[in-house]
Amino acid sequence: MFKLLITKENICGFEIALLAFLSVLPLINISNTGIEQLALSITLGVLLLMFLQNIRVLGKRLRFLIIYLNATSIIITVCFHGGFGSAVMAMNLILAAMIYNNIEINQTIYVRLHLFLAVALTLYIATADISYIWTTVVTDLFGNTFNSNMFAMFTLAAYLHWICFLFESRIRGWKRNTAFIVLSVFSIYLIWISESRTAIIAILLFLFLFFFKKNTFGNREFHVLTVLSLILSCVFPIIYVALANKFAGVTVLGKSLFSGRQDVWKSTFNIIKEHPIFGSANEILLHDVGGKLTMSTHNMMLGLMKMFGIVPSVTVVQQLVNNNSNADFGVRIKIPQFAFIATIPCAFFESFYTNSHLYMLFAFFLLEFIIIERNS
């Protein structure tokens, strides 16, 4: 009896549940680095275990070589510049992209995963104090403060997890349609008052794909779209910085188009030039608006290149698009794929895949292949 309960499916379900719990655990105290590093370390252990369990699907030699090269590159960076937490997060992102893109999970596990994350994130943002969100400051239930862009990203993640849950659960008909409308309107409102242009673009792009794209993207078009978008996210800051001095007075949604990110990106370019191969971790801070210093590059790819150099940056792009092309491999569903594609614009202005409180919340959208249960 006991042996029958310990199946590969049950183990996968437990691991996914643990990873989901670890992704929201740091929100208990978002400013506590101890909780953050504990969650990162356990997440690394779980992902390594999943990697070994699914090595047949992933492809033994090539995947081990990729992991070895990235681990070596990141360890060299840590030895010279520190940044253990960021190093673990980078390995977690690579492993998550590699695993999630190439495994199939049970439909029940998939539904429960998104329901848990949707509820947890909704509780977090619903209990936050947004009275002063117009000053870009939000305070959570535990007294921690964070900026309005982070609030918008949490809201975006919660919304997308709700939609993933709704359209694979047993909720049907008017109940599902009503829930969809209410969630969409309320989420757009919260993102709008946070004045996060990036999150607004992401949620509108998702709704456009949802209503007008009937089927999933094929592997080729998905790869081309994603890779070109991530390359463009690297080129865009260069153009942005070049135009900043000429069009300083232009505004979008009531905010200056050139509101200071040009200063951050100039500083980032200089650091990447000095440390192009292995990066500089978080040892060197960036110049922000008004002479302040910051760790955030406000750009996913620039953040990876600045922290860890060439190898991890190229690997992340390669693994994000490297999904299983076997036609008999599970059933690919469109909602998580649309969610992933819709959030790519966030890579232009936010370091969300290199933010320890956000990266795993969005990485779960790479889980596109599910085993449909006959009795569903």
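Before any of the text, the structure's been laid out above.
Everything in this summary refers to the structure shown in the same document.

Reading the values: rules and limits
- Residues numbered from 1 in each chain as written.
- Predicted model: local features only at pLDDT ≥ 70, side-chain atom pairs only at ≥ 80, totals over all residues.
- Heavy atoms only, no water.
- Helix = DSSP H or I, 4+ residues; strand = E, 2+ residues; numbered from the N terminus.
- Expected span 1.5 Å × (residues − 1).
- Buried < 20%, exposed > 50% of the residue type's maximum accessible area, 1.4 Å probe, protein only.
- Arc of directions from axis to C-beta.
- 1 Å grid on protein atoms, 1.4 Å probe; cavity = no way out; pocket = protein on both sides within 12 Å on 5 of 7 lines; lining within 4 Å.
- Points joined across faces, edges and corners; volume = space filled by probe spheres on them.
- Nonpolar A, V, L, I, M, F, W, Y, C, P; charged D, E, K, R; others polar.
- Phe/Tyr/Trp six-rings, centres within 6.5 Å; stacked < 30°, edge-to-face > 60°.
- Salt bridge = Lys/Arg side-chain N within 4 Å of Asp/Glu carboxyl O.
- Pairing = 2+ DSSP bridges.
- Axes fitted to C-alpha atoms, helices over the stretch in contact; angles between N-to-C directions.
- Parallel < 35°, antiparallel > 145°, perpendicular 65-115°, else oblique.
- Left-handed = near helix turned anticlockwise from the far one by under 90°.
- Contact = heavy atoms within 4.5 Å.
- Core = buried A, V, L, I, M, F, W, Y, C linked by side-chain atoms within 4.5 Å.
- Patch = residues over 30% accessible without salt bridge, like charges linked within 9 Å, V, L, I, M, F, W, Y side chains within 5 Å.
- Areas by Shrake-Rupley, 256 points an atom, 1.4 Å probe, with all protein chains shown as cover.

### Overview of helix H9 (residues 173–193)
Phase 1: In this model H9 runs 31 Å from its N-terminal to its C-terminal C-alpha over 21 residues, within 8% of the 30 Å that 1.5 Å per residue would give.
Phase 2: Within the span of H9, buried status applies to Arg-176, Phe-180, Leu-183, Ser-184, Ser-187, Leu-190 and Ile-191. One side of H9 holds all its buried residues, which, seen down the axis, span an arc of 140°. What points out from H9, more than 90 degrees from its buried face, is the exposed set Trp-174, Ile-181, Val-182, Val-185 and Phe-186.
Phase 3: Of the residues flanking the end of H9, it is Glu-195, one or two places downstream, whose phi is positive at about 60°.

### Structural notes on empty space enclosed by the protein
Phase 1: Enumeration over the complete set of coordinates arrives at 2 cavities of 30 Å³ or more.
Phase 2: Of the voids in this model, the largest cavity is the one considered here, and its volume is about 90 Å³.
Phase 3: Looking at the largest cavity, it is lined by 14 residues, and the ones nearest its centre are Leu-22, Ser-23, Leu-40, Ser-356 and Tyr-359.
Phase 4: Breaking the lining of the largest cavity down by element, the ones donating at least two residues are helix H2 (8–24), helix H3 (33–53) and helix H17 (359–363).
Phase 5: Residues that form the lining of the largest cavity fall into these classes: 9 nonpolar, 4 polar and 1 charged.
Phase 6: Together, Leu-230, Met-300, Leu-320, Phe-340, Ile-344, Ala-347, Phe-352 and Tyr-353 line the second largest cavity.
Phase 7: For the lining of the second largest cavity, the residue count by class is 8 nonpolar, no polar and no charged.

### A few points about the packing of aromatic side chains
Phase 1: Summed over the entire model, instances satisfying the criterion amount to 25 aromatic pairs.
Phase 2: Taking the centre distance of 5.1 Å and the plane angle of 70° together, the rings of Phe-167 and Phe-210 count as edge-to-face. Here the residue Phe-167 occupies a position in the loop between helix H8 (148–166) and H9, and Phe-210 occupies one in helix H10 (residues 197–212), the gap between them amounting to 43 residues.
Phase 3: Judged by relative accessible area, which is 19%, Phe-167 ranks as buried.

### Focus on the pattern of salt bridges
Phase 1: Inspection of the entire model under this criterion finds 1 salt bridge.
Phase 2: Residue Glu-368 is joined to Arg-332 by a salt bridge in which the shortest nitrogen-to-oxygen separation is 3.2 Å. Of this pair, Glu-368 sits in the loop between H17 and strand S9 (369–371) while Arg-332 sits in strand S8 (residues 331–332); the two residues are 36 residues apart in sequence, bridging distant segments of the chain. For the pair shown, Glu-368 and Arg-332 are each scored as buried.

### Some points on the sheet that holds strand S1 (residues 104–106)
Two orientations exist for strands paired in a sheet by backbone hydrogen bonds: parallel and antiparallel.
Phase 1: Spatial ordering of the open sheet is given by S1-S9-S8, a layout of 3 strands whose pairing is mixed. Two strands close off the open sheet at either side, each with one partner strand: S1 and S8.
Phase 2: Sheet analysis places S1 next to S9, joined by 3 bridges and oriented parallel. Note that in S9 the partner of Asn-106 across the bridge is Ile-371.

### A closer look at the packing of H9 against H10
Phase 1: In contact at an axis separation of 9 Å, H9 and H10 are set at 155° when each is read in the N-to-C sense. Relative to H10, the element H9 lies roughly antiparallel. In the crossing of H9 with H10, the sense of the turn from one axis to the other is left-handed. Facing H9, whose interface residues are Phe-180, Ser-184, Ser-187, Ile-188, Ile-191 and Trp-192, H10 presents Ala-199, Ile-200, Ile-203, Leu-207, Phe-210 and Phe-211.
Phase 2: Looking at side-chain class alone, the contact of H9 with H10 contains 10 nonpolar, 2 polar and no charged residues.

### Side note on the packing of H2 against H3
Two quantities define a packed helix pair, namely the angle between the helix axes and the distance between the axes.
Phase 1: Interhelical geometry of H2 versus H3 gives an angle of 155° and a closest axis separation of 10 Å. As the angle between them shows, H2 and H3 are arranged roughly antiparallel. The way H2 lies across H3 gives a crossing that is left-handed. Here Ile-11, Glu-15, Ile-16, Leu-18, Leu-19 and Leu-22 of H2 come into contact with H3, specifically with Ala-39, Ile-42, Thr-43, Val-46, Leu-47, Leu-49, Met-50 and Gln-53.
Phase 2: Counted by class, the contact of H2 with H3 contains 11 nonpolar, 2 polar and 1 charged residues.

### Quick notes on the nonpolar core
Where a protein is soluble and globular, its nonpolar side chains tend to be buried together.
Phase 1: Among the nonpolar cores identified, the biggest contains 107 residues, and Tyr-100, Phe-154, Phe-206 and Phe-362 are the most heavily contacted of them.
Phase 2: For this core, the element with the highest residue contribution is H8, accounting for 15 residues.
Phase 3: Once residues within four sequence positions are removed from consideration, Phe-206 is found in contact with Tyr-159, Leu-160, Ile-163, Ile-335, Phe-338, Ala-339 and Ala-342.
Phase 4: Core analysis: the next-biggest nonpolar cluster, separate from the first, contains 9 residues, Trp-265, Phe-269, Ile-272 and Leu-302 among them.

### What to know about a nonpolar patch on the surface
Phase 1: Residues Leu-62, Leu-65, Tyr-68, Leu-69, Ile-277, Phe-278, Ile-310, Val-311 and Val-314 make up a contiguous nonpolar surface patch of roughly 840 Å² in combined accessible area.
Phase 2: For the nonpolar patch, the elements supplying multiple residues, two or more each, are helix H5 (60–81) and helix H14 (310–321).
Phase 3: Here the element with the most residues in the nonpolar patch is H5; it accounts for 4 residues.
Phase 4: For Ile-277, the location among the structural elements is in the loop between helix H12 (261–274) and strand S6 (286–287).

Keep in mind these numbers describe shape, not what the thing actually does.
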